[in-house]
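Structural overview
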Amino acid sequence: MEGLMQDWPLLVHTVLDHASTYHGDREIVSRTVEGPIHRYTYKDLERRSRKLASACSKLGVKNGDIIGTMAWNGYRHMEAWYGIMGIGAVVHTLNPRLFADQLDYIVNHAEDQHFFLDLSFVPILEGLQDRLPSIKSFIIMTDEEHMPETTLRNVTCFETLVEGGDDDFSWPSFDENTACGMCYTSGTTGNPKGVLYSHRSNVLHALAAGQGDAVNLKSLDCVMPVVPMFHANAWSFVFSAPMAGAKMVMPGPLMDGASIYELLDTEAVNLTAAVPTVWLMLLQHLEETKKPLPKLDRVVIGGSACPPAMIEAFEKNYDTQVIHAWGMTEMSPLGSLCTFKGGLDHLSEDQLWEIKKKQGRPPYMVEMKITDDDGNVLPRDGVAFGHLSVRGPAIARAYFKSEGGEILDADGFFDTGDVSTLDEYGYMGITDRSKDVIKSGGEWISSIDLENLAVGHPDVAEAAVIGVAHPKWDERPLLICVVKEGCSPSKQDILEFMTGKIAKWWMPDDVAFIDEIPHTATGKISKLELRKSFVDYELPTAQAAE
Ligand code: ADP
């Protein structure tokens, strides 16, 4: 027998309608590419998104068309998301930090029909446009006054486009499974692959993200997503914040410590989110300027492992709760968040600290399992580690155009490519990416654990560990460090600091100092680049073994 409840499709613009009706005066504050701070409300966002939707329809955008965007976090980018998605078209976010060849491949693979871009990215698109035949027009996200001289073909000014839209346009209704967003994964192996979100998956994911034990979003919050909208769905904030009616602060192009601090302070932001590299810059700025951080209650840190030293710095020095989060583009992207749950009162401070460092528990709608190389499910004892697979309604079941073929196992689980533990309380701890784990004498060493330990040394700013070929052990860990300004620790200083804190056979065989650690387009340590740079590196222990 079927239930008798209404068939109300989960469409993302219903989130915007809700925000406009019930939190219409809540502000969205944006640092613009043109310079000034822009402020308006959810009511304005909703009205202008509808006008843009109408204008896009007039431009010929149809249900199912894929529309590229390359833009920072700001109100016009949000209007583009809601306006395009609201007519059943798909927003395809492009990461400006990718190389020209990757951008070229991705735009052509997705067959983007029109392209919205911030002023900052006009030169990139000018250089690329001849290789992008599918794009019919470029929309520069500014007003007439700031329109640049450009060689881009078929250019429209965003404000002029919005102006031409109808005020009384109302959203069409359609199937909640319609695609609405697209983001390519970095493709560290093989070509980048397109993840295609649906209205339903985005709405469900936003509900999961906002839960009390996840990000805990409320209308009282003032949220600044520093994580870019072009990186994995901006961790859902473009949907989850309006769903809660929270004030939003969008940082635009400036993500250095001083600029981020300025917005945190002047807008009284109490919740923010980004990858560890951003917080490294903020913490350095705070240390240098001796500024306090009184208004910030919680900071979501994910995208790569958050070093325990960073958790300590926020929690002990600034009384800001760190929510360590893990996820991936394929998961919309949040897969787990680390907040304490009920029933842990019997644990000691040390035991709680061990939990705090982990990547956390999955919210409802994410199922997890870990398996060995043969696919056998491993125990949830916090010790056994294996391949982490996930299942849920906001997790990819295939890549765009079937790239990569079948990606689910017989039970419908997706292999994340990460290796992790699961403990008896439900907390997941990432050991490594399976391709980064160091295989020494048939055993695995976690590069993340070593990195976390090394950055705890007061002179170390950033650390990366890679496996280097070894004649006896197959691979041994090499620790690569960037030291803090004015510091010059010796290799021995750092190794001594680590001694006794990890198993002896996990100790790095050598330490190398470099000026800068290479990062990927999404702000992660690029192990691929490091492995290339150190491909011929000879460990001091290698000769001894020969
Ligand atoms: P890209 O590879 O394009 O950067 P994602 O942003 O989807 O794509 O990266 C997802 C991967 O990032 C995860 O599979 C995991 O390896 C890593 N990751 C994300 N969050 C964390 C975290 N908190 N701790 C450790 N690794 C993380």
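Residue numbers run consecutively from 1 along every chain, following the written order of its sequence. Given that this is a predicted model, residues contribute local features only at a pLDDT of at least 70 and side-chain atom pairs are listed and counted only at 80 or more, while totals for whole chains, interfaces and linings are drawn from all residues. Hydrogens and water molecules were not included; the side-chain quantities draw on all heavy atoms of the structure.

**Brief notes about the domain arrangement of the protein chain**
Here is the rule we go by: As annotated, the domain borders come from an automatic or database domain assignment. Contacts were defined at the residue level, with two residues in contact if any of their heavy atoms lie within 4.5 Å. Once two parts are joined, some of their accessible surface, as seen by a 1.4 Å probe, is lost; buried area is that loss totalled over both. The term salt bridge refers to a pairing of a side-chain nitrogen on Lys or Arg with a carboxyl oxygen on Asp or Glu at a separation within 4 Å. In the analysis that follows, any N or O atom pair within 3.5 Å is treated as a polar contact, provided that within protein one partner can donate a hydrogen and the other can accept it, and provided that, for residues neighboring in sequence, both atoms belong to side chains. Secondary structure is summarised from DSSP: a helix means a run of H or I of at least four residues, a strand means a run of E of at least two, and numbering begins at the N terminus for each. Gly falls in the polar group here, along with every residue not listed as nonpolar (Ala, Val, Leu, Ile, Met, Phe, Trp, Tyr, Cys, Pro) or charged (Asp, Glu, Lys, Arg).
Assigned domains of the protein chain: these are domain 1 (12-317) and domain 2 (438-545). In this structure, domain 1 and domain 2 have C-alpha centres spaced 35 Å apart. Facing 16 residues of domain 1, the contacting portion of domain 2 comprises 12 residues. Between domain 1 and domain 2, the buried area comes to about 1100 Å², and carbon and sulfur atoms account for 62% of it. At the junction of domain 1 and domain 2, the tally comes to 0 salt bridges. The interface formed by domain 1 and domain 2 holds 3 residue pairs in polar contact (both at pLDDT 80 or more) in total. Of all the secondary structure elements, the ones that give two or more residues to the side of domain 1 that touches domain 2 are α10 (276-289) and α11 (308-318). Residue composition of the side of domain 1 that touches domain 2, by class: 8 nonpolar, 7 polar and 1 charged.

**Topic: the pattern of salt bridges**
Should their charged atoms come close, side chains of opposite charge can pair. This is how it is decided: Only protein chains enter the accessibility calculation, which uses a 1.4 Å probe; a residue is then buried when its area is under 20% of its type maximum, exposed when over 50%, and partly exposed in between.
If you walk through the whole model with that rule in mind, you get 34 salt bridges. E27 serves as the salt-bridge partner of R39, at 2.9 Å between the closest nitrogen and oxygen. Highlighted residues: R39 in strand β2 (residues 37-41) and E27 in strand β1 (residues 27-31), separated in sequence by 12 residues. Note on R39: relative accessible area 42%, which makes it partly exposed. Between R200 and E176 there is a salt bridge; the shortest N-O distance is 3.3 Å. Taken as a pair, R200 in helix α7 (residues 199-210) and E176 in the loop between α6 (158-163) and β8 (179-184) lie far apart in primary sequence, 24 residues in all. Since its relative accessible area comes to 29%, R200 is described here as partly exposed. One network of salt bridges, with partners in common, ties together E34, R48, R76, E79 and E159.

**With respect to the site of the ligand**
The cut-off we apply is this: For this purpose, a residue is taken to be near a molecule or strand whenever a single non-hydrogen atom of the residue falls within 4 Å of it. Methods summary: accessible areas were calculated by the Shrake-Rupley approach with a probe of 1.4 Å, and residue burial reflects only the protein chains presented.
Of all residues adjacent to the ligand, which total 18 residues, the nearest are A325, T329, D418, T522 and K524. The backbone of G303 places a nitrogen or oxygen atom 3.1 Å from a nitrogen atom of the ligand. Calculation on the ligand without its partners gives an accessible area of 570 Å², and the protein chains cover 94% of this total. If you list the elements that add at least two residues to the shell around the ligand, you get β14 (321-327) and β18 (414-422).

**Examining the sheet that holds strand β9 (residues 194-198)**
Under the convention used in this document: Should DSSP find at least two bridges between two strands, the strands are regarded as paired. Axis geometry follows a simple rule: fit a line to the C-alpha atoms, using only the stretch in contact for helices, then measure angles between N-to-C directions, giving values from 0 to 180 degrees.
Taken together, the 7 strands give an open sheet; going across it, the order is β7-β6-β5-β3-β4-β8-β9, and neighbouring strands pair in mixed fashion. Of all strands in the sheet, those bounded by a partner on one side alone are β7 (155-157) and β9. Looking at each pair of strands side by side, their axes are set apart by 25° on average, direction ignored. Bridge analysis of β8 against β9 gives 5 bridges, and the strand direction is antiparallel.

**Describing helix α2 (residues 42-59)**
Applied cut-off: What a helix should span is 1.5 Å times the count of its residues minus one.
Taking 1.5 Å as the rise per residue, α2 with 18 residues should run 26 Å; its terminal C-alpha atoms sit 25 Å apart, in good agreement. Among all positions of α2, only Y42, L45, E46, R48, S49, R50, K51, L52, A53, S54, A55 and C56 are buried. Just downstream of α2, G60 is the residue with a positive phi angle, here 105°.

**A short note on the packing of aromatic side chains**
Our working definition: A pair of Phe, Tyr and Trp rings is counted when the ring centres sit within 6.5 Å of each other, with Trp represented by its six-membered ring. The angle between the planes then sorts it: under 30 degrees is stacked, over 60 is edge-to-face, the rest tilted.
In this structure the tally under the stated criterion is 12 aromatic pairs. Ring centres of Y82 and F239 lie 5.9 Å apart, and the angle between their planes is 85°; this geometry places the pair in the edge-to-face category. One end of the pair, Y82, is in helix α3 (residues 75-85); the other, F239, is in helix α8 (residues 237-244), and 157 residues separate them in sequence. Taking relative accessible area as the criterion, F239 reaches 1% and is therefore assigned buried. Relative to W171, the ring of F169 has its centre 6.2 Å away and its plane inclined at 90°; by these criteria the two rings are edge-to-face. Residue W171 is classed as buried on the basis of its relative accessible area, which comes to 14%. An aromatic cluster of three or more residues is present, and its members are W72, F121 and F230.

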